[in-house]
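This is what each chain is made of:
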Amino acid sequence: MVNSKIQAAEENLIHVYNRFPIVLDHGEGMYLYDTEGKEYLDFAAGFAVCGLGYGNRELNEALKAQIDKLYHTSNLYYHESCGAAAEALNRISGMDRVFFTNSGGEANEGALKAARRYAYTKKTGRYEIIAMENSFHGRSIGAVSVTGHDDYRKPFEPLLPGVKFAKLNDLDSVKALVSDKTCAIILEPLQGEGGINPASQEFMEGIRQICDENDILMICDEVQCGMGRTGSMFAWQGFGVKPDILTMAKAIGNGIPVGAFAMTEEVAKYSLKPGDHGATYGGNPLACTAVKKVIEIFEKEDIIGHVNKVAPYLTKRLDELVQEVGCVAERKGKGLMQGIVLTKPVAEVNSRAIEEGLLVIQAHGNVLRFVPPLIVEEKHIDEMIDKLRRALA
Ligand SMILES: *Cc1c(COP(=O)(O)O)cnc(C)c1O
């Protein structure tokens, strides 16, 4: 089938994505529809972004009203919702001070600068960063430098000096890398791109202890696992292990491009000062309206309560697949961020799923990932499993 829209994209975009040959048109709740009217059940949520799904009337009305009023001004001035969005995000994330970015990569970039700036003020001479193998932190040079996978790094070397990689859930591998030059340790409490690998309770506590004993900053990247996905507003809260710096993006704007890095007051005292950092679009009126409204809806509709109610059903249905389907070796993950390890090529299954009208995402380690909108219900999980069984057959 020659589709003129696909052809125009193929001829004009830089080829960095392996796109599937469908053209999406609109969405409603848990479903997306292509230009030919075919329906797709969405267990991808635009990469764990659309927590509230598609076509949320209240959010859309707030965004439309803000567009008509004002959608950009500069950060030389305050605007109506910058304070309210920051207050709400700090309240739910447990942090004290926040900076709005336009993406997750940019949030991590800012977090690395904030950590370096902390060491600079304190004149500790610390600059090294310990990151985890299999991590993913974004595509900018700083974020790629702390991303623990050669595929993302090799073509762009040399990267930032002073970055070392430890093994997730292996505290000794972290301790072996700690020196009087270590500035920060960055990790995802639940690795997404790397294959849905959860940090253990002991590991999170151990990292916190290493940081406390050595004046090292703990940075949690919750760009993917934050905002309700694991059953608490942020994953660190589920562990009771609080980072010094927290990065967020994806679901905090439900698709309006917005990210953030936030820190405790103790870090802020020594970290970024006027002139040290900025972002022209960062935290503009539209982005802040999105953050403010998304949080309001999360709280009003008790999205966290819903995640905790429905997630065990997803776990149960995926565990059944492990038992019953030969090519499904293992289930991994937590809450509404889960994956299955396949023994047949995951790309093939992904394409078959799309034919069946199901959107899922691949992750490293031959993992098929499920990160549905958080409004998912048991009936959608049943429908997903039916489609998936056919795709796996
Ligand atoms: C997606 C992701 C990023 C990068 O976010 P962008 O908005 O694409 O820059 C960073 N960290 C994690 C854990 C992610 O999942």
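### Quick look at the sheet that holds strand β12 (residues 259-263)
Spatial strand order, β4-β12-β11-β10-β7-β5-β6: seven strands in an open sheet with mixed pairing. Two strands in the sheet have a free side with no partner beyond their single neighbour: β4 (97-101) and β6 (163-166). Sheet twist, expressed as the mean angle between neighbouring strand axes with direction ignored, is 20°. When strand β11 (residues 245-248) meets β12, the two strands line up antiparallel, connected through four bridges. Its bridge partner lying in β12, I245 is registered against M263. Contacting β4, β5 (128-132), β7 (182-187), β10 (217-221), β11 and β12, helix α5 (residues 104-122) crosses the sheet at an angle of about 165° to β11.

### Considering the site of the ligand
Taken together, S103, G104, G105, N108, F136, H137, G138, E188, D221, V223, Q224 and K250 are the residues near the ligand. Note that an oxygen atom of the ligand is positioned 2.7 Å from one of the side-chain N or O atoms of K250. Here the ligand loses 80% of its free accessible area of 380 Å² to cover by the protein chains. Top contributing element to the shell around the ligand by residue count: α5, with three residues. Grouping the constituent residues of the shell around the ligand by class yields two nonpolar, seven polar and three charged.

### What to know about the domain arrangement of the chain
Per the domain assignment, the segments of the chain are domain 1 (2-55 + 302-392) and domain 2 (70-300). Centre-to-centre, using C-alpha coordinates, domain 1 lies 26 Å away from domain 2. With 29 residues of domain 1 at the contact, the number on the domain 2 side is 30 residues. Buried area between domain 1 and domain 2, summed over both chains or domains, comes out near 2,400 Å², and the portion from carbon and sulfur atoms is 61%.

Analysis parameters
- Residues numbered from 1 in each chain as written.
- Predicted model: local features only at pLDDT ≥ 70, side-chain atom pairs only at ≥ 80, totals over all residues.
- Heavy atoms only, no water.
- Pairing = 2+ DSSP bridges.
- Helix = DSSP H or I, 4+ residues; strand = E, 2+ residues; numbered from the N terminus.
- Axes fitted to C-alpha atoms, helices over the stretch in contact; angles between N-to-C directions.
- Contact = heavy atoms within 4.5 Å.
- Near = heavy atom within 4 Å.
- Polar contact = N/O pair within 3.5 Å; in protein donor to acceptor, adjacent residues only side chain to side chain.
- Areas by Shrake-Rupley, 256 points an atom, 1.4 Å probe, with all protein chains shown as cover.
- Nonpolar A, V, L, I, M, F, W, Y, C, P; charged D, E, K, R; others polar.
- Domains from an automatic or database assignment.
- Buried area = accessible area lost by both parts, 1.4 Å probe.

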